[in-house]
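This is what each chain is made of:
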Amino acid sequence: MNRASILQGLQDRVVTLTLTIVVMFVVCSLIWPTKFPTFDNISLVLLNLSIESIVAVGMMLLLISGMFDLSVGSVVAFAGSITAYLMYYYGMYTPVAILVGLGLSAVIGLVNGLLVAKVGINPLIQTLAMMGIVRGLALMIAGAGIQNLPEDFNAIGQTKILGIQSPVWFMLIIVAVFSILVARTVFFRQFYYIGGNEKAANLSGIRVDRVKIIGFVIISALAGIAGILLASRLGAALATSGRGMELRVITAVILGGASLLGGQGKIVGALLGTLFMGLVSNIMILARVSGYWQEIILGLILIVAVAIDIILKKRAGTTPKKYVQQATSIASPKQVEA
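Residues numbered from 1 in each chain as written. Predicted model: local features only at pLDDT ≥ 70, side-chain atom pairs only at ≥ 80, totals over all residues. Heavy atoms only, no water.

### Concerning the side chain of Thr94
As for its placement among the helices and strands, Thr94 is situated in helix H5 (residues 94–119). Each residue touching Thr94, except ones within four places of it in the same chain, is listed here: Met87, Pro150, Asp152, Phe153 and Ile156. (Helix = DSSP H or I, 4+ residues; strand = E, 2+ residues; numbered from the N terminus. Contact = heavy atoms within 4.5 Å.)

Okay, structure coming up:
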């Protein structure tokens, strides 16, 4: 392998993030040899990031097409709350309650998609408004929380396979399935075309609006799965679940190779981004860093991630002004087509 190939490989965010995670793992293992590289600690890190990783898969798909969804954290809370409510107050069978929770989550995504793609509402405004609406619904349904959920429901998120809790296996399966779908199927490749040049994609015959709507449905359905898994794992549904998750997920996905301009990113990058964020949180806990500082550091990581994205775009020939124009024009498909 020559120098040019190595430099080209280092420009791949998945490669650089993988190397960064490896270096972090080695350094932390040397600093905390009895605490960090243990099975219990690593399995706990994976468990903590599993819920956000499932949502990050959908966010990566949306960002590839140049869009994003700020309502996912609220959908996580809503899905767990409505599923628990149906089982606890109406005695509904667990599989039926789960299907209803997932279905209603998908409907939230459908509403977002229709209003963004067909009406032309900015995704930022639409999903920000939906975030408040859905969070309010979750508070009305769950109140202070719903506990004493059926054992068969709790078993879904608390079962261990090979010593690892089931949400981690759900995460790995979802990442694997969507990695194959995005890499191998024509339909999911359309997200790249739309993110790269929406007008050209439309002229080439791609049904842009339909793909966008499906993208919103997918991310809401994945947020619904994450919410139900979280409620099952905790044995309780909390209306505060998923608060602030949207920013953490967007940060992780951008770190994993996505761009606010769209047209790039890999599903495995979403997993690596959340893994990086999970390791950072774990390191701060081991270093006994205050929880207040953890929020500050999270914000700084988001700024650095976006700054790196802008710098890379500038080197690729996209000016900051054009960057902002393109990043905001994604909300208005009709304007782009005009």
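Text resumes after the structure shown.
### Describing helix H13 (residues 267–286)
Given a rise of 1.5 Å per residue, 20 residues ought to cover 28 Å, and the 29 Å separating the end C-alpha atoms of H13 matches this to within 8%. The buried fraction of H13 amounts to 16 of the 20 residues, a majority that puts the element mostly inside the structure. Of the residues trailing H13, Arg288 is marked for its positive phi of about 60 degrees. (Expected span 1.5 Å × (residues − 1). Buried < 20%, exposed > 50% of the residue type's maximum accessible area, 1.4 Å probe, protein only.)

### Quick look at the pattern of salt bridges
This structure, assessed with the given rule, holds 3 salt bridges. Measuring nitrogen to oxygen at the nearest pair gives 2.5 Å for the salt bridge that ties Arg248 to Glu52. Highlighted residues: Arg248 in helix H12 (residues 245–255) and Glu52 in helix H3 (residues 39–64), separated in sequence by 196 residues. In this structure, Lys118 engages Asp209 in a salt bridge whose closest nitrogen and oxygen atoms are separated by 3.8 Å. Here Asp209 lies in helix H11 (residues 208–234) and Lys118 lies in helix H5, a separation of 91 residues in the sequence. Take Lys118: its relative accessible area is 46%, and that puts it in the partly exposed class. (Salt bridge = Lys/Arg side-chain N within 4 Å of Asp/Glu carboxyl O.)

### A word on the confidence of the model for the chain
A residue-level look at the chain finds 89% of positions with pLDDT of 70 or above and a mean pLDDT of 86. In the predicted structure, residues 319–338 sits below a pLDDT of 50 and forms 35 contacts with residues beyond four places in sequence or in another chain. (pLDDT = per-residue confidence, 0-100.)

### Some points on the environment of Ser74
Inspection of the secondary structure assignment puts Ser74 in helix H4 (residues 72–90). C-alpha separation for the pair Ser74 and Val134, spaced 60 residues apart in sequence, amounts to 5.7 Å. When neighbours within four sequence positions are excluded, Ser74 is seen to be in contact with Met131, Val134 and Arg135.

### Some remarks on a nonpolar patch on the surface
Residues Val22, Val23, Val26, Val27, Leu30 and Ile31 make up a contiguous nonpolar surface patch of about 550 Å² in total accessible area. When you line up the elements, Val22 lands in helix H2 (residues 13–31). (Patch = residues over 30% accessible without salt bridge, like charges linked within 9 Å, V, L, I, M, F, W, Y side chains within 5 Å. Areas by Shrake-Rupley, 256 points an atom, 1.4 Å probe, with all protein chains shown as cover.)

### A few points about the nonpolar core
Counting 95 residues, the largest nonpolar core has Val55, Met59, Phe178 and Val253 as its most contacted members. Top contributing element to this core by residue count: H3, with 14 residues. Contacts of Phe178, omitting those with residues within four sequence positions, involve Val57, Leu61, Phe188, Ile218, Leu222 and Ile267. (Core = buried A, V, L, I, M, F, W, Y, C linked by side-chain atoms within 4.5 Å.)

### Overview of the packing of helix H9 (residues 186–196) against H11
H11 packs onto H9 with a crossing angle of 110 degrees between their chain directions and a minimal axis gap of 10 Å. Classified by the angle between their axes, H9 and H11 sit roughly perpendicular to one another. Between H9, through Phe187, Phe188, Gln190, Phe191 and Ile194, and H11, the contact on the second element is made entirely by Val208, Arg210, Val211, Lys212, Ile214, Gly215 and Ile218. Taken together, the residues that form the contact of H9 with H11 break down as 8 nonpolar, 2 polar and 2 charged. (Axes fitted to C-alpha atoms, helices over the stretch in contact; angles between N-to-C directions. Parallel < 35°, antiparallel > 145°, perpendicular 65-115°, else oblique. Nonpolar A, V, L, I, M, F, W, Y, C, P; charged D, E, K, R; others polar.)

### A closer look at the packing of aromatic side chains
The final tally for this structure, using the stated rule, is 8 aromatic pairs. Their ring planes at 90 degrees and their centres at 5.2 Å tell us that Phe187 and Phe188 sit as a pair that is edge-to-face. (Phe/Tyr/Trp six-rings, centres within 6.5 Å; stacked < 30°, edge-to-face > 60°.)

### Regarding the environment of Gly73
As for its position among the elements, Gly73 is in helix H4. A residue is classified by how much of its surface remains accessible, and Gly73, at 0% relative accessible area, is buried. Each C-alpha atom of the pair Gly73 and Ser241 lies 7.3 Å from the other, and the pair is 168 residues apart in sequence. Apart from residues lying up to four places away in sequence, Gly73 is in contact with Arg135, Ser241, Gly242, Met245 and Glu246.

### Observations concerning helix H6 (residues 123–142)
If you check H6, its first and last C-alpha atoms are 27 Å apart, about what 20 residues at 1.5 Å a residue would give, namely 28 Å. Regarding H6, the residues found buried are Pro123, Gln126, Thr127, Met130, Val134, Arg135, Ala138, Ile141 and Ala142. Seen along its axis, H6 keeps its buried residues to an arc of 155 degrees; they face one direction. Every exposed residue of H6 that faces more than 90 degrees away from the buried side is listed here: Ile125, Ile133 and Met140. Buried residues along H6 sit against H4, H5 and H11. A side-chain oxygen of the first residue of H6 lies 2.7 Å from the backbone nitrogen of Leu124; this N-cap is Asn122. (Arc of directions from axis to C-beta. Polar contact = N/O pair within 3.5 Å; in protein donor to acceptor, adjacent residues only side chain to side chain.)

### Digging into unusual backbone geometry
Even without glycine at this site, Leu162 takes up a positive phi of about 55 degrees. Position of Leu162 relative to the elements: it lies in the loop between strand S1 (160–161) and strand S2 (164–165). For Leu162, a relative accessible area of 72% translates into the label exposed. Positive phi, close to 60 degrees, is recorded for Arg288, a residue that is not glycine. Residue position: Arg288 is located in the loop between H13 and helix H14 (291–315). Relative accessible area serves as the criterion here: at 73%, Arg288 is assigned to the exposed category.

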